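Residue-level structure breakdown
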Amino acid sequence: KVRIGLTESELELLAQESRRFVKAGRRELGIVTGLGRDAATTVGSTLFLARRAGIQVMATGGLGGVHRGAGETFDVSADLDELGRADGCLVVCAGVKSILDMPATLEALETRGVAVLGFRTDQWPAFTTVGSGLTVDWRADSAEEVVKVVASHRGLGVPGAIVLGQPVLAELEIPRGEMEAALSGALADAACQGIEGKAVTPFLLSSIRRATAGRSLAANRSLIEANARLAGEVAVGLAEAQST
């Protein structure tokens, strides 16, 4: 069955025995529950389940998106389509995962009508790197401003989700050049080993963690905590606005 909100022991199980958990997108939810398998959810399936439970604000690390070379492989994350249909939901993130084609992902979000803002930045965050060099058209500088944007978006009945990109702390970021070098090596290893489909992302992230001596993991941990904190502040603000 679906679990929304885990106990401490369940979190420990997920952390210590992660190999037994499959990666479940929205289309696999019925399969894994029907077959009684242990699974962890993608951004898209988390967003789908959250909406079903009446939760309209969520936080994550990096979104899925358009993979590099997608013109040949057609490898595009289902996260994008779910964001396009998640009307009025807010997703706080640190941009998309560094392994993706960021310009193409931003174009895909625009095509799907997904609103994108930077949080205290004019650049699209690059996951464990502060900036991607790509500008965003809109920014918010406080949780209160985000609350106003989300409330207005919902009030107007605008379709699609709102994505809020918050950069990783500058002191923990992996510089762009170092990240690209680590990624190039990881992509070459994945090609040599025939890694494909859903296995690509965890393989690349694990390879990058080793190449950066664990610094990418520390940055990932920090940005997830910061995004959860910001999402919580906005959720409280929205609840207070609705009660007045």
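Residues numbered from 1 in each chain as written. Predicted model: local features only at pLDDT ≥ 70, side-chain atom pairs only at ≥ 80, totals over all residues. Heavy atoms only, no water.

With that settled, consider the environment of Ser77. Relative to the helices and strands, Ser77 resides in the loop between α4 (70–73) and α5 (79–85). In this view, Ser77 contacts Gly64 and Gly65; residues no more than four positions away in its chain are not counted. Reaching out from Ser77, the side chain makes a polar contact with the backbone nitrogen of Asp79 at a distance of 3.0 Å. (Helix = DSSP H or I, 4+ residues; strand = E, 2+ residues; numbered from the N terminus. Contact = heavy atoms within 4.5 Å. Polar contact = N/O pair within 3.5 Å; in protein donor to acceptor, adjacent residues only side chain to side chain.)

Attention shifts here to helix α9 (residues 200–211). Counted at 1.5 Å a residue, the expected span for α9 with its twelve residues is 16 Å, and the 16 Å between its end C-alpha atoms agrees. The set of residues buried in α9 consists of Val200, Thr201, Phe203, Leu204, Ser206, Ser207 and Ile208. Each element contacted by the buried residues of α9 is listed here: β1 (22–24), α8 (176–193) and α10 (215–243). Downstream of α9 by one or two residues, Ala213 has phi in the positive range, about 55°. (Expected span 1.5 Å × (residues − 1). Buried < 20%, exposed > 50% of the residue type's maximum accessible area, 1.4 Å probe, protein only.)

It is characteristic of soluble globular proteins that their nonpolar side chains tend to be buried jointly. Counting residues in hydrophobic clusters, the biggest one holds 36 residues, and the most contacted among them are Leu63, Leu83, Trp124, Val163 and Leu204. The greatest single-element share of this core, amounting to five residues, is contributed by α8. Every residue in contact with Leu83, bar those within four places of it in the chain, is listed here: Leu47, Leu63, Val91, Leu109, Val114, Gly160, Ala161 and Val163. With 16 residues, the next largest nonpolar core counts Leu117, Ile162, Leu164 and Ala231 among its residues. (Core = buried A, V, L, I, M, F, W, Y, C linked by side-chain atoms within 4.5 Å.)

The next thing to look at is the pairing of strand β5 (residues 115–119). The buried fraction of β5 is high, at four of five residues. Direction of pairing for β5 relative to strand β7 (residues 162–165): parallel, over a ladder of four bridges. The residue bridging Leu117 from the neighbouring strand is Leu164, located in β7. With two bridges connecting them, β5 and strand β6 (residues 139–140) associate as parallel partners. Residue Phe119 lies in a different strand from β6, and its bridge partner there is Ala140. (Pairing = 2+ DSSP bridges.)

Everything listed is a geometric property; what it means functionally is a separate question.
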